[in-house]
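Summary of structural features
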Amino acid sequence: MKIGVPKEIKIGETRVSMTPSLCRRCVALGAEVVVQKSAGFTAGFTDAEYRAAGATLVSSAAKVWAQADLILKVKEPLPAEYGRLRAGQMLFTYLHLAAGAELAQVLLRKRILGIAYETVEANDGSYPLLKPMSQIAGRLAIQVGAYFLQSQHGGSGVLLGGIPGTLPGHVVVVGAGNSGAHAVQMAAGMGARVTVLDLDTRKLEALDSEYRGRVVTLMSNPANLEASVADADLLIGAVLIPAAKAPIVVSKKMVAQMRPGSVIVDIAIDQGGCIETIRPTSHEEPVYEQHGVIHYAVPNMPALVGRTSTMGLTQATEPFVATLVQKGVERALAEHPGLAKGVNTRDGKVVCGAVAKALGYA
Ligand SMILES: NC(=O)c1ccc[n+]([C@@H]2O[C@H](COP(=O)([O-])OP(=O)(O)OC[C@H]3O[C@@H](n4cnc5c(N)ncnc54)[C@H](O)[C@@H]3O)[C@@H](O)[C@H]2O)c1
C-alpha cells in the first residue's frame, strides 16, 4: 500500500497527518510512504526526519495525490484539492460531510472510499479519533474566549478569574461531552463561574461529582438556556449529535440578550454550529460581531497548537492506519467493525446512515 501525506492547505492549518514515528511504523509494516516536502514543518517535523523514517519526499501535492492508494490527511479536501482526487482512491481524514454537501458529491462522483475520522468507533461506542481534537478545542475555547474578552480585542473587559472583591467572569458551556468537559476544566481552573448544560444526566452527574459545587450543572432546556446565556460573559457551543448536523440550541433571541462585548466560541461549527447567529470563520479572520457579541467559529481550532494536536491526533489514528496497512482495506474493514463505521462513502454511495440522512440521501 502506498500512503500519501500531503501538506494541509486549510487557512492557518498547522497539523500533519503522519509523524516520522508513525511513518517508521507504516514502513516497517510494509507500506510505502510519500510525504510532500515541508508537510510536517509547522508541527515541528523536518523533511530529514521523514526521510530517516523511510519516506520518499516529493516536491508537490500533485505528486502525492497522483501516486498514493491511500491519502492520509487531517482536514477534509478543499475545492483546490477536489481535482487531485483520483477515481477509486482511498481517503482517511476528517470529512464532516453532514455539513459538506459539495465535497460529498465529489466523493460520490469519483467513487472515493472515504473513511471519516469522526465516525470511527471504539468498542465502547465512543469516537476515539474525535476525542483528542475535541479535548484540545475545548481547552483552547477558554484561552481564545479569554483573549477576545479583553478590551483591546473588542471584548467587555472581563477577566475570567476576576480578583478578590470582584465578580469572576461567567462561562456557560452547552454540551458536556469531550470538548465541553475540557472547557469546563480550564474555566474552573482559571477561577471563572462555570455553568454547563447537557441533555445527558450522566454527563452532568459526572461533572457534579468531580467539581463538588464549583460548577453548576443544568439540564439543557429552553428555560435554563435562556437564563444562562443571558448572563454569560463567555458562551461555548460544544454539542454533538454524532455524524449529524449540529442542532441549533441557542437562538438568535438568546444571543441578543447577552451583554455587549460578551464572546461566543462555537466549537461545533465543523458540524454547522449550534448557535443560530454563527457562521464559520478562519484563523485569518477569526471573529465577527453580531448583536454586540463577538462570535468565534473556526472549524480547525486545534491548528492553533499544531505540535500538541499532531501528537494527539496521530497517537489516536496510529492503530487504525497500522491495521489498514497490515491487513489491507477489505480485511481491515471486515474484521474491525469500529473502523468500518468510519466509512462514509463507498462505490458512489453515502453508506453512513446519519450522514446520508443529513445530506438528504436517505
Ligand atoms: N472547531 C473545532 O476546531 C473542533 C475541534 C474538535 C471537535 N469539534 C467539534 O466539537 C463538537 C463537539 O464534539 P465532542 O467531542 O465534544 O462531542 P461529544 O459527543 O463528546 O459531546 C457532545 C455533547 O453534546 C450533548 N448534546 C447533544 N444535544 C444537546 C443539546 N440540545 N443541548 C445540550 N447538549 C447537547 C451530548 O449529550 C454530548 O454530551 C463536534 O461537532 C466536534 O466535531 C470542533
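Keep in mind it's a predicted model, so treat the numbers as computed, not measured. (Residues numbered from 1 in each chain as written. Predicted model: local features only at pLDDT ≥ 70, side-chain atom pairs only at ≥ 80, totals over all residues. Heavy atoms only, no water.)

Some words on the domain arrangement of the protein chain
Domain parsing of the protein chain yields domain 1 (2–120 + 306–359) and domain 2 (131–299). Here domain 1 and domain 2 have C-alpha centroids that lie 31 Å from each other. On the side of domain 2, 14 residues touch domain 1, which itself brings 19 residues to the contact. Here domain 1 meets domain 2 over a buried area of about 1,200 Å², counting both sides, of which 68% is carbon and sulfur. When the buried surface of domain 1 facing domain 2 is broken down by residue, Ile 11, His 96 and Ala 98 rank first, second and third, together holding 35% of it. Viewed at the interface, domain 2 and domain 1 are joined by two residue pairs in polar contact (both at pLDDT 80 or more). Listed by contribution, the elements that provide at least two residues to the side of domain 1 that touches domain 2 are helix 11 (306–335) and helix 13 (353–359). Among the residues forming the side of domain 1 that touches domain 2, the class breakdown is 10 nonpolar, six polar and three charged. (Domains from an automatic or database assignment. Contact = heavy atoms within 4.5 Å. Buried area = accessible area lost by both parts, 1.4 Å probe. Polar contact = N/O pair within 3.5 Å; in protein donor to acceptor, adjacent residues only side chain to side chain. Helix = DSSP H or I, 4+ residues; strand = E, 2+ residues; numbered from the N terminus. Nonpolar A, V, L, I, M, F, W, Y, C, P; charged D, E, K, R; others polar.)

Brief notes about the packing of helix 6 (residues 131–148) against helix 11
Direction vectors running N to C along helix 6 and helix 11 enclose 155 degrees, while the axes themselves pass 8 Å from each other. Our classification of the angle between helix 6 and helix 11 gives roughly antiparallel. Counting all contacts with helix 6, which are made through Pro 132, Met 133 and Ile 136, the residues of helix 11 involved are Thr 308, Ser 309, Gly 312, Leu 313 and Ala 316. The class makeup of the residues in the contact of helix 6 with helix 11 is five nonpolar, three polar and no charged. (Axes fitted to C-alpha atoms, helices over the stretch in contact; angles between N-to-C directions. Parallel < 35°, antiparallel > 145°, perpendicular 65-115°, else oblique.)

Quick notes on the packing of aromatic side chains
Overall, the coordinates contain five aromatic pairs when judged by the stated rule. Ring centres of Phe 45 and Tyr 50 lie 6.4 Å apart, and the angle between their planes is 75 degrees; this geometry places the pair in the edge-to-face category. Of the two residues examined, Phe 45 and Tyr 50, each falls in the buried class. Their ring planes at 40 degrees and their centres at 6.1 Å tell us that Phe 148 and Tyr 296 sit as a pair that is tilted. With Phe 148 in helix 6 and Tyr 296 in strand 13 (residues 293–296), this residue pair connects regions lying 148 residues apart in the sequence. Tyr 296 carries the same exposure label as Phe 148, and that label is buried. Through pairs of rings, three or more aromatic residues link up here, namely Phe 92, Tyr 94 and Tyr 117. (Phe/Tyr/Trp six-rings, centres within 6.5 Å; stacked < 30°, edge-to-face > 60°. Buried < 20%, exposed > 50% of the residue type's maximum accessible area, 1.4 Å probe, protein only.)

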